[in-house]
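Structural overview
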Amino acid sequence: GAVVSQHPSRVICKSGTSVKIECRSLDFQATTMFWYRQFPKKSLMLMATSNEGSKATYEQGVEKDKFLINHASLTLSTLTVTSAHPEDSSFYICSARDPWGDIQYFGAGTRLSVL
Amino acid sequence: QKEVEQNSGPLSVPEGAIASLNCTYSDRGSQSFFWYRQYSGKSPELIMSIYSNGDKEDGRFTAQLNKASQYVSLLIRDSQPSDSATYLCAVSNQAGTALIFGKGTTLSVSS
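Attention in this report is confined to the structure presented alongside it.

Reading the values: the criteria
- Residues numbered from 1 in each chain as written.
- Chains lettered and ligands numbered in written order.
- Predicted model: local features only at pLDDT ≥ 70, side-chain atom pairs only at ≥ 80, totals over all residues.
- Heavy atoms only, no water.
- Contact = heavy atoms within 4.5 Å.
- Buried area = accessible area lost by both parts, 1.4 Å probe.
- Salt bridge = Lys/Arg side-chain N within 4 Å of Asp/Glu carboxyl O.
- Disulfide = S-S within 2.5 Å.
- Helix = DSSP H or I, 4+ residues; strand = E, 2+ residues; numbered from the N terminus.
- Buried < 20%, exposed > 50% of the residue type's maximum accessible area, 1.4 Å probe, protein only.
- Pairing = 2+ DSSP bridges.
- Axes fitted to C-alpha atoms, helices over the stretch in contact; angles between N-to-C directions.
- Phe/Tyr/Trp six-rings, centres within 6.5 Å; stacked < 30°, edge-to-face > 60°.

1. A short note on the interface of chain A and chain B
Counting residues at the interface gives 17 residues for chain A, matched by 20 residues for chain B. For the pair chain A and chain B, the summed buried surface comes to about 1,300 Å²; carbon and sulfur atoms form 56% of the total. Summed over the three residues of chain A that lose the most area to chain B, namely Asp102, Ile103 and Phe106 of chain A, the buried surface amounts to 36% of that side. Where chain A packs against chain B, one counts zero salt bridges.

See the structure below:
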């Protein structure tokens, strides 16, 4: 299967700081990437759809000014959690859709802890 | 609102048995169906994709699709303790632009 790289795998930060998470498709060009959030023992929650060269589409209830998404190239999307607070602590996972169909390949995830 | 339903489990089976995981979906326009496996603390990994009615086999895994009944299933033969994980059913939306995930079924295989 295709490889999607996500960094960092874990980040601990102080309340009020911003954190950037990178998602890269290593062996294919992904015009569409997705950002999910997952709380312990809960299901995946889609936060936004990131399309290369255009603004991200956010799901209802997700603050676009809080979670900044940039998809400047066909292999890289970034999620920036701005002014992070303890309630933003979660497992963030990106995925990239393969260009030949609609399979999504997931990154390894980023565990964010805000103190 | 389009939905994908799965029993949360846990589904417990002994080693060597067949595990049967089920999923129903509400969007009749869905064309693509996937099973992902997620170990605790890890991200989902793709196990199977299926697009046509019937069975699709890959090693110990068999996916079954019945579009008329809006039903997808995953059979795991000769279950191993390493199969213990949460299995996510995912269904494409009608436009094929996104996947709708079920909440997952937790499988526990005892040795």
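2. Here we look at the state of the cysteines
By definition, a disulfide links the sulfur atoms of two cysteines through a covalent bond. Taken as a whole and judged by the stated rule, the model has two disulfides over all chains. With its sulfur 2.0 Å from that of its partner, Cys23 of chain A forms a disulfide with Cys94 of chain A. Classification of the bridge connecting Cys23 of chain A and Cys94 of chain A rests on its S-S torsion, roughly 80°, and on that basis the disulfide is right-handed. Note that Cys23 of chain A is positioned in strand S3 (residues 19–25) and Cys94 of chain A in strand S9 (residues 90–97), a separation of 71 residues in sequence. By relative accessible area, Cys94 of chain A is classed as buried at 0%. Residue Cys23 of chain B pairs covalently with Cys89 of chain B via a disulfide, S to S 2.1 Å. Taking the sign of the S-S torsion, about -70° here, the bridge from Cys23 of chain B to Cys89 of chain B comes out left-handed. Linking Cys23 of chain B in strand S3 (residues 19–25) with Cys89 of chain B in strand S9 (residues 85–92), this pair joins segments that are 66 residues apart in sequence. According to the relative accessible area criterion, Cys89 of chain B is buried, its value standing at 0%. Not part of a disulfide, Cys13 of chain A finds its nearest cysteine sulfur in Cys94 of chain A, a span of 18 Å. Among the residues examined, Cys13 of chain A registers a relative accessible area of 9% and is labelled buried.

3. Section: the sheet that holds strand S1 (residues 4–7) of chain A
Residues and elements named next belong to chain A. Read from one edge to the other, the open sheet built from four strands follows the order S1-S3-S8-S7, with strand pairing classed as antiparallel. A strand with exactly one partner marks an edge of an open sheet, and here the two such strands are S1 and strand S7 (67–73). Direction aside, neighbouring strands of the sheet carry axes that sit 15° apart on average. For S3 and strand S8 (residues 76–81), the ladder comprises six bridges, and the chain directions are antiparallel. Paired with Cys23 across the strands is Ser77, a residue of S8.

4. Let's talk about the sheet that holds strand S1 (residues 4–5) of chain B
All names here are of chain B. The five strands lie next to each other as S1-S3-S8-S7-S6, forming an open sheet whose pairing is antiparallel. The two strands at the open ends of the sheet, each matched to only one other strand, are S1 and strand S6 (54–58). In this sheet, strand S8 (residues 71–76) lies alongside S3 in antiparallel orientation, the contact comprising six bridges. When the sheet's bridge partners are listed, Ala19 is paired in S8 with Ile76.

5. A few points about the environment of Gln1 of chain B
Residues and elements named next belong to chain B. With respect to the secondary-structure elements, Gln1 resides in the segment before S1. The class of Gln1 is exposed, set by a relative accessible area of 90%. In sequence terms Gln1 and Ser26 are 25 residues apart; their C-alpha atoms lie 8.5 Å from each other.

6. Observations concerning the packing of aromatic side chains
A full pass over the atoms with the stated rule returns 11 aromatic pairs over all chains. An angle of 45° between the planes, with centres 6.3 Å apart, marks the rings of Phe67 of chain A and Tyr92 of chain A as tilted. Here Phe67 of chain A, found in strand S7, pairs with Tyr92 of chain A, found in strand S9; they are 25 residues apart in sequence, far enough to count as distant. Side by side, Phe67 of chain A and Tyr92 of chain A carry an identical accessibility label, which is buried. An aromatic cluster is defined as three or more aromatic residues linked by ring pairs; in this entry it consists of Tyr36 and Phe106 of chain A together with Phe34, Tyr36, Tyr51 and Phe101 of chain B.

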